[in-house]
Structure formats: structure tokens, C-alpha cells
Amino acid sequence: MDNKPKNNNPRPASQNRPGSNQNQQRNNGQSQGNSLRKSSRGAAIRAQKRVNEDATRLINSVLATTSPSDQSRPRANQIDDTPRLKVIGLGGMDGAGSKNMMLVEYKNDAVVIDAGNDLSVDLPGINYGIADTTYLETIKNKLRAYIITHGHLDHIGGLPHIVPLYPAPIYGSKFTIGRVQEIFENFGLPLPEGFELKTVMMNEDTHERLKIGEFFVELVRVTHSIPGSTVVVLDTPVGRIINTGDFRLDPNPLDHERTDVDRLKQLGDEGVLALFSESTSTERPGRTPSESTIEQSFVDIMDRAPGRIFVGLFSTNMNRVQMIINAAIHHNRKIAMDGRSMVSTLEMAVRHGFMKVPKGTFVPIASVPNMKDTDVVVVCTGSQGEPSSALQRMASGEHRHIKLKEQDTVVLSSSPIPESGNDKLVGSMVDGLMMKGVHVFEHRFHEIDNIGPLHVSGHASRDEYADMISYLKPQFFIPIYGPFRSKRRHIDIAIEQGIPRKNTANVGNGEILAFTPTSMENAGQVPHGTVLVDQTGAIVSSVVIKDRLVLAEEGLVAVVLTIDRKNGNLMTSPDIISRGFIYMRDNEELMNGFRTELRRAVQQRFKRVDLDRFKQELKEHITHYLFEQTQRSPIVIPVVNIVGGGKVETKIVDGNTGNGQYQAAKTPEEIAAAQQRRFQEMRSKLLSQDARTD
């Protein structure tokens, strides 16, 4: 599948919860002017529970079912000597077919086919998701290899996270292994000490077969939107299974590397137990046009363009880049590349001989402003409107070297990726480009612009999916790498090709398919789901994301109290810090009432209950009071300083659980005085920070 951009517009966790239409009134501080709302403590607690449940539901919609922190779920047996072949989709069996990952297991041997990421995860601070590998932990002693179909991130992006934990050699075509090495080199985090990346380049043209444990693997060339794409053929003791990876049957690819149809037919004649075929575009009729059909369009645009030309496309589509290079050379234009991922992939492609680039063709992006407009073409990332991409920065006027002008032409050589919600991002970027007077060519409107097509899909259409099934003639058929509806359509295609419906299965992530030479059955589930990764490459707990969602919706209130241990009175006025909740200077009446309530709570309860009980009751009291006044339930963090009695204790109470930890001082009364001075300094600093601190 083509690389997916990140969408950085997370929706609030409880955008549609009851009462949300009152938010503007609350934010303007008008509510406290009304008569006091009479809300029970239970109503406040229930409202806070609803906020947390909304956040949990949003997280679960991304995490799917299980997560690594769920210790209560059943775990698979570590030893299973049943003479059946087990195939498990750990990722890619839902949605748009992202974080693709399939496990094949037989007795004491297992291999993983693909290990991608999901760049469409829409949660605050999250860059992408990878498949939950809890089940791999239970069988890591069996793991013999990772076999990769092709080099798109939704098939290889999880490798730097997964392979160091469960080491095994990575098998793939020459270009694919180059991409694997590239993402390990560019990975943002240090790899574990002693880890060594082991790769095996296979020749998809010679039909070599390599032994991996009880299995034999072969790669067969197939066309896609990235070089080196292959079908994975795995011969097992039970029978032959085939994973198509992403493919189209292009009869005239630019690199002349056509799908090896003859070998596919030969494999079908020899016998295929099960075919696992990608299902991205099974709802598209006919055949996907050849890549060669768009070559003339770039030539025509360069004939017509009055100035500089900027082409946005996927960073891994090296055949498309080669096409643009050929057209630019024909028009005596130089090429400038922009976008770190694109430059990195190009360097790798040139190094391995996949690109033909005459010397002197490329110029640095920094030199473009000093060149004659008709002498340059800029090839860059950003065709999907990605917020940090080169083209988006040009559209917003934030690019370091390029300032767009009226005579410029921008070509978007792509279509918004299905299931990603990128239409809005692309539309916003095009608006920004057109506001600068730039002429924009988009593939989806090429007929309006009287220009030829500017993009072809990297995925098959219905007739090609049917051809793949007819070539391989499998006994069993399982659609993979696509949403449920697309896989359902794929099963319909298989039935039209003569596969009995009882020999098909539309399974989800984690479901075990168990094969014998004559049967297929669903044998239960293994732990599965999504692990979240932030911009640095670090794993992020779902608990952290839940807090971010609640903060985004309801905000945070921190209350700092300093209490005299001897008499139980407050030593200073309560300090209240609000973030994302209300604007405190416009809510003076509410704040004064809040302080009064805090003083009353301390006087009534501090000396009458133990300290832990007091902390929990204080949190509940604050939650109730704020909900009664505003009908909102922010995260509440009480901080209690106990001064006197020979020691100073501070307890910060967790905003969710009410639990906390004491921090004891080292010395007696002198430390109490120092604590008081420090507290006053902290209070002064907070007061001078900004208007939201009171």
C-alpha cells in the first residue's frame, strides 16, 4: 500500500457529550452569574466517568481490541505440537490495511510476513501505530525470519521496534532490503546494545528457494508503486501458502519489470493450499491503468508551464521520479529534490542501480531561488497535504528556501488515500497554493484542466484480482490487507473464479486459521491490537493518551494547599492553577467561592479523618464543586503541604486514582521554614506566569 500520511487533527474525546453546546457560555464565565446549580456529588462523579469513558472509547477505536497492558486476557500456549499450520494476521486485517503483519507457525518454526506501521492514527502526540506483538513474546523461540513483500512503511515501518525484541534475519528483494536498512539507519532511538541487523537479499528473477526452518521461501516479482515488490511463496509441511503483498498487473511498467505471470501460473499448476491476497481496491471495476499512461502528461505540463514546476508525490515512488527526471531532461531543466524521506530513498535507489540519473541533473534546493524559472523542476513530498511536508511548507509560506509566486505550477501526482481523511488536508493546501496565484494540477481534476492523467494507483482493480486467483488456483482463499467490506468483495470475486464459499474466510486481526492439507478452520484468537508510537519513536501508554484527551476536552485544575499540622488551618490562601478549563481573571466570583469552599473543606475534614482519606475526599469535593458551578469535569490534582510537628510532608494526589506519595523532609523546624519560603517563591512565580494562574 502507498505510504500513508499522518493526520494531525485529533477530535476531542467527548465532542458530542451531553451539555457540550454550553461550552461557549462556560468559557466566557457567564455561568457563575446564574443561580447556583444544585448537582449531587453522584452527578459530578458520573460526569467525570463519562468523560473518561469517551476518551477510552476513542482510544479503543484505534487500539482495536487488546493492548499490551491488558494482563487479564488469555494468553496462547507456548508449546503446540498439533500438526497444523497456523496463520495469524496480527495486523492489516481491518481498516485500510495498515500495520500489515502476518504470522505463519508450524510446530517449532514460525516466520513473520511484513511488519508495518499505521500512519493514520489520529490521537494527540502520536505519530503512528504498530501491531501488538504480545503473542510473539510467547513463541519467540520459534521465530526464524521476517519476510517482506515490499518497502512501503505500512509493510516495514514496525521493523525497528519489533526485530530488536525478537531478532531474526529479514528476507526481501534487493530494493526492499535497501529500504529496510534505510529505516533502521534513520530510526530515531538507539537500538539495544548488541543488536545486529541481519538481512538476506533474494533474487526474485531466478526463483531461488531458501530454507527457513521447516519452510522454503521464494519471492516472485510483481508490479506495484515501488520497485522490488514481490509475492511471497511459502512452502510448508502442510502445503503451499502465498501472500501477494500489494500488487497491480501493469502490462507496461516504466522499469519494464512486469509481474512474473508465467511463474505465478506455474505455481498454481503445482498446487496452492491457501492464497492470502491484498484487497485494497476490490470495489474498483476493470483494470488499473498502466504507469506508462501518465508519462506524456508530465511532458505536456512542462511544455505549457511558464515558470518553475513543483511536483508532489509519494517519497518511495521511484518509477514516478524517474519519469519526471526523463521529462525534465527532455526540457533541459534541472531537478531539485526536497523532503528528507524522498532524498534518502533516492540515494538508496541510485546506490543500488534502480535509477538512471545523468551526471549534473540534480541541484541543491537552496539554489532554486537563484535559477531561471524555466530551468528547474522541484520534486518534493506533500502530495497528501501532510502538515510538515515540503509542499505544505511552501503553501503556507514557511519553507526555508522557496517562496512561491504567480508563474509557478504545482502538480499533485497522487490522489487522496482512501480511509485516511486526507481530502480536507489536500483541499486546504491547494487553497493556500491558489491564494498565491499558483496554478495547481490535480489528478482528480485533470479532465477539467484539459491535461492527461497524473496518477495511477499502485493497487489492482477487480479484473486483476480475479486474474491473480485464476493464476494460482488456491484450494482456500483469504482476503487480507483491507477493510472488511473490501475483503467481502474480494471473496465474491473468488467465488466467481470457482472457489467454494466454504473455502473462504474473512478474518480479523488476531484470529487463528489452522490448516491441514485438506481443511481450514478458525482456531481461536491470540492477543492483538495497536501499540502507539510518538514523534521520537518511543512507545506511549494508552493511559497517557487518555489523559491527553481528557485534558483537551475538559482541562486541568491544580490546587496547592499548605496546612499547619498542629491546628489544621491553612497557612496561606489556596493557590489554584487552571489550564484549559476557564480563564480565571474573567471568573473572579467563581474563584473566590472556590477558595472559600477549600478553606471550609480543610477546617471540617483535615483533623477528623486520616490523611489519605482527606486527600481523596478533597479531590471528590473539588470535582463536585467545579461540576456544580460549570457543568465540566476537569482533571483535578490536589497538592497538599503539611507543615509543623517536626517535619514537612507533601503529597501530590493523582488526578485519576486519588493515590499519591509522601515526600518527607530531612530536618525539623528549620526545614519547615525553608519549605514555607520555597512555597512562597513558587507561588510568586506562578502568579507572574500568565493570566491563567491566580
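Residues numbered from 1 in each chain as written. Predicted model: local features only at pLDDT ≥ 70, side-chain atom pairs only at ≥ 80, totals over all residues. Heavy atoms only, no water.

## Examining the overall build of the protein chain
- A count of helical and extended segments in the protein chain gives 18 helices and 28 strands.
- For the protein chain, buried positions account for 57% of its 694 residues.
- Here the analysis covers contacts within the protein chain between residues at least 6 apart in sequence; of these, 73% occur between residues at least 24 apart.
- Counting only carbon and sulfur atoms, one obtains 48% of the accessible surface of the protein chain, whose full area is about 29000 Å². (Helix = DSSP H or I, 4+ residues; strand = E, 2+ residues; numbered from the N terminus. Buried < 20%, exposed > 50% of the residue type's maximum accessible area, 1.4 Å probe, protein only. Contact = heavy atoms within 4.5 Å. Areas by Shrake-Rupley, 256 points an atom, 1.4 Å probe, with all protein chains shown as cover.)

## A closer look at the nonpolar core
- If you look at the biggest cluster of nonpolar residues, it comprises 34 residues, and the most contacted ones within it are L103, L136, Y146, L159 and I170.
- At 4 residues, the largest contribution of residues to this core is made by helix α6 (residues 174–185).
- Discounting chain neighbours no more than four positions away, the residues touching L103 are K86, V87, I88, L90, A110, V111, V112, Y135, L136 and I139.
- Formed by 33 residues, the second largest nonpolar core is a distinct cluster that contains F298, L313, L346 and V379. (Core = buried A, V, L, I, M, F, W, Y, C linked by side-chain atoms within 4.5 Å.)

## Looking at the packing of helix α8 (residues 295–304) against helix α9 (residues 318–330)
- Their axes nearest at 9 Å, the elements α8 and α9 cross at an angle of 40 degrees. By the angle class used here, α8 and α9 are oblique. Two packed elements cross with a definite hand, and for α8 against α9 that hand is right-handed. Where α8 abuts α9, its residues E295, F298, V299 and M302 lie against R320, M323, I324, N326, A327, A328 and H330. (Axes fitted to C-alpha atoms, helices over the stretch in contact; angles between N-to-C directions. Parallel < 35°, antiparallel > 145°, perpendicular 65-115°, else oblique. Left-handed = near helix turned anticlockwise from the far one by under 90°.)

## A few points about the pairing of strand β15 (residues 334–338)
- Counting buried positions along β15 yields 4 of 5 residues, so the element is predominantly enclosed.
- Crossover handedness for the path β15 to helix α10 (residues 340–351) to strand β16 (residues 376–380): left-handed. (Right-handed = clockwise from strand over helix to strand, strands pointing away.)

## Looking at the confidence of the model for the protein chain
- Per-residue pLDDT for the protein chain averages 83, and the proportion of residues at 70 or more is 80%.
- Considering only residues more than four positions removed or in separate chains, one finds that residues 1–37, a stretch of pLDDT under 50, has 105 contacts.
- Within the model, the stretch residues 655–668 combines pLDDT values under 50 with 33 contacts to residues more than four positions away or in other chains. (pLDDT = per-residue confidence, 0-100.)

## Quick word on the pattern of salt bridges
- Applying the stated rule across the entire model yields 26 salt bridges.
- Across the pair K473 and D269 runs a salt bridge whose closest N-O atoms are separated by 2.9 Å. Here the residue K473 occupies a position in the loop between α13 (462–472) and β19 (474–480), and D269 occupies one in helix α7 (residues 261–270), the gap between them amounting to 204 residues.
- One salt bridge connects E291 with R320, and the closest N-O pair in it is separated by 2.6 Å. Remark: R320 occurs in helix α9 and E291 occurs in the loop between β13 (272–278) and α8; sequence separation between them is 29 residues.
- With relative accessibility at 2%, the residue E291 sits in the buried group.
- Among the charged side chains, a salt-bridge network with shared partners connects R209, E218, D235, R240, R263 and E270. (Salt bridge = Lys/Arg side-chain N within 4 Å of Asp/Glu carboxyl O.)

## Examining the pairing of strand β11 (residues 230–235)
- Summarising burial for β11: 6 of the 6 residues are buried, a large majority.
- Every second residue of β11 is oriented toward a common face, with T230, V232 and L234 on one face and V231, V233 and D235 on the other, all of them buried.
- Pairing between strand β10 (residues 215–221) and β11: 6 bridges, direction antiparallel. By the bridge assignment, R221 is partnered in β11 with T230.
- As paired elements, β11 and strand β12 (residues 240–243) share 4 bridges and run antiparallel to each other. Looking at the pairing, L234 lines up with I241 of β12.
- Here β11 folds back onto β12, and the loop between the two strands holds 4 residues, one of which, G239, carries a positive phi near 160 degrees. (Pairing = 2+ DSSP bridges.)

## Considerations on α10
- End to end, α10 covers 17 Å across 12 residues, agreeing with the expected 16 Å (1.5 Å per residue, within 8%).
- On its buried face, α10 is in contact with α6, α9, β15 and β16.
- In the stretch just after α10, G353 is the one whose phi turns positive, near 80 degrees. (Expected span 1.5 Å × (residues − 1).)

## Looking at the environment of G125
- With respect to the element layout, G125 can be found in the loop between β4 (117–118) and β5 (126–131).
- For G125, a relative accessible area of 42% gives the class partly exposed.
- Sequence spacing of G125 and Q535 is 410 residues, and the spatial spacing of their C-alpha atoms is 7.1 Å.

## As for the sheet that holds β15
- Pairing in this open sheet of 5 strands is parallel, and the strands run β15-β16-β14-β17-β18 from one edge to the other. Looking at the sheet topology across the chains shown, the edges are occupied by β15 and β18 (439–442). Across the sheet, the axes of successive neighbouring strands diverge by a mean angle of 20 degrees, strand direction being ignored.
- On the sheet, α10 packs against β15 and β16 and is oriented at approximately 120 degrees with respect to β15.

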